[in-house]
Amino acid sequence: QALYGVICGDLIMLLRNQCLPYEAEKGATEQAVEDSVAMAKELFCHHKLLSWGKVSKLMKEILARFNQVKREKRFCVKVGIVGEIYVKYSPLGNNDLESFLLSEGCEVVCPGLFDFLLYCTHNPVFDNDLYGTDHCPGFASAAKYIATSCMEVYQDARVYDTGMVCIIEIMGRHAGWLAGSAALA
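These numbers come from a predicted model, not from an experiment. (Residues numbered from 1 in each chain as written. Predicted model: local features only at pLDDT ≥ 70, side-chain atom pairs only at ≥ 80, totals over all residues. Heavy atoms only, no water.)

Peer 1: Outline the pattern of salt bridges, listing residues and values.
Peer 2: Overall, the coordinates contain six salt bridges when judged by the stated rule. Where D35 meets R65, a salt bridge forms, and the shortest distance between an N and an O atom there is 2.8 Å. With D35 in helix α2 (residues 28-46) and R65 in helix α3 (residues 52-67), this residue pair connects regions lying 30 residues apart in the sequence. Here E72 and R74 are joined by a salt bridge, their closest N and O atoms 2.3 Å apart. Residue classification places E72 among the partly exposed residues on the basis of a relative accessible area of 39%. A cluster of three or more residues bridged by salt bridges with shared partners is formed by R16, E30 and E98. (Salt bridge = Lys/Arg side-chain N within 4 Å of Asp/Glu carboxyl O. Helix = DSSP H or I, 4+ residues; strand = E, 2+ residues; numbered from the N terminus. Buried < 20%, exposed > 50% of the residue type's maximum accessible area, 1.4 Å probe, protein only.)

Printed below as a string of C-alpha cells:
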C-alpha cells in the first residue's frame, strides 16, 4: 500500500508541476491538488487492502481532475530540481527554489519519489560495475530499466513542438554495455 501511496503522490506532484505555470485561473491547480489528495485519502483510509484496479481508477480520476484546470498556451522554460531528497522536496532545504522558479515563469520538473526508490534498488548493480566486477547478475534488470527510462524521456519530449537536446548520463565502467542497452529504446 505504501508503494501505491508513493505512486499516487508522485502523480499529483507531477501534474501540479505541469499545470501550475500555465493555469489560466490562479489557484485552480492548488484546488485540483486538494481535491486529488481528498480522493486519495478516501481510498487509502477506507480500504484495508488495495488492488491495482482501485488505484488505477483513482489515478484516472486524478488525471481527469487536473484535466479540468484551464491552461494558457505559452512557453515556459523547464527547470529540473535534482539532488538529495531533502534538497528536491523541502523548501527549507532548497531555499524555496520551486516558488522562485515559478515566480520567474519556469515550469519545475522534479523526479518523483518512486524514481528514487527504483534508483536505490538498481544502485548496487551500478556499484558492482564501477568497482571491478566483470560480471553482474543484475545487468538485465538495469539494462531494461535504462532502456525503459530512455523510451519514457523520448515519449515525454516528443509531445512538445520545440526543438530540444536531451543528455542522459548512464553509469558504467569500461565497455558501455548499459549505455548500449539504452539504444534498444
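Peer 1: How would you explain the side chain of E107 if you had to name every residue and give the values?
Peer 2: Checked against the element boundaries, E107 lands in strand β2 (residues 107-109). Those residues in contact with E107 that sit more than four places away from it in its chain are N17, Q18, P21, Y22, C76, V77, K78 and V79. (Contact = heavy atoms within 4.5 Å.)

Peer 1: Residue-level account of the nonpolar core, with values.
Peer 2: Generally speaking, a soluble globular protein has its nonpolar side chains buried in company with each other. Formed by 17 residues in total, the largest nonpolar core has its most connected members in V55, L58, I62 and F66. Counting only elements with at least two residues in this core, the list comes to α1 (2-19), α2 and α3. Ignoring anything within four residues of it in the chain, the contact list for F66 reads I12, L15, R16, C19, T29, A32, V33, S36 and R71. (Core = buried A, V, L, I, M, F, W, Y, C linked by side-chain atoms within 4.5 Å.)

Peer 1: Pulling in residues and values, what's your account of the side chain of N17?
Peer 2: Its location among the elements puts N17 in helix α1. Among the polar contacts made by the side chain of N17, one reaches the side chain of R16 at a distance of 3.5 Å. (Polar contact = N/O pair within 3.5 Å; in protein donor to acceptor, adjacent residues only side chain to side chain.)

Peer 1: Outline the packing of α2 against α3, supporting the account with residue identities and numerical values.
Peer 2: Two numbers describe how α2 lies on α3: the axes approach to 9 Å, and their chain directions differ by 165 degrees. Between α2 and α3, the interaxial angle falls into the category roughly antiparallel. Both α2 and α3 take part in a crossing whose hand is right-handed. Contacts between α2 and α3 involve A28, T29, Q31, A32, V33, D35, S36, M39, A40, L43 and F44 from the first element and K54, V55, L58, E61, I62, R65 and F66 from the second. In the contact of α2 with α3, the residues fall into 11 nonpolar, three polar and four charged. (Axes fitted to C-alpha atoms, helices over the stretch in contact; angles between N-to-C directions. Parallel < 35°, antiparallel > 145°, perpendicular 65-115°, else oblique. Left-handed = near helix turned anticlockwise from the far one by under 90°. Nonpolar A, V, L, I, M, F, W, Y, C, P; charged D, E, K, R; others polar.)

Peer 1: Describe the packing of aromatic side chains, with residues and values.
Peer 2: The tally for this structure, following the rule as stated, stands at one aromatic pair. Note on Y4 and W52: the rings are 5.9 Å apart at their centroids and 35 degrees apart in plane angle, and the pair reads as tilted. Of this pair, Y4 sits in helix α1 while W52 sits in helix α3, and the two are 48 residues apart along the sequence. (Phe/Tyr/Trp six-rings, centres within 6.5 Å; stacked < 30°, edge-to-face > 60°.)

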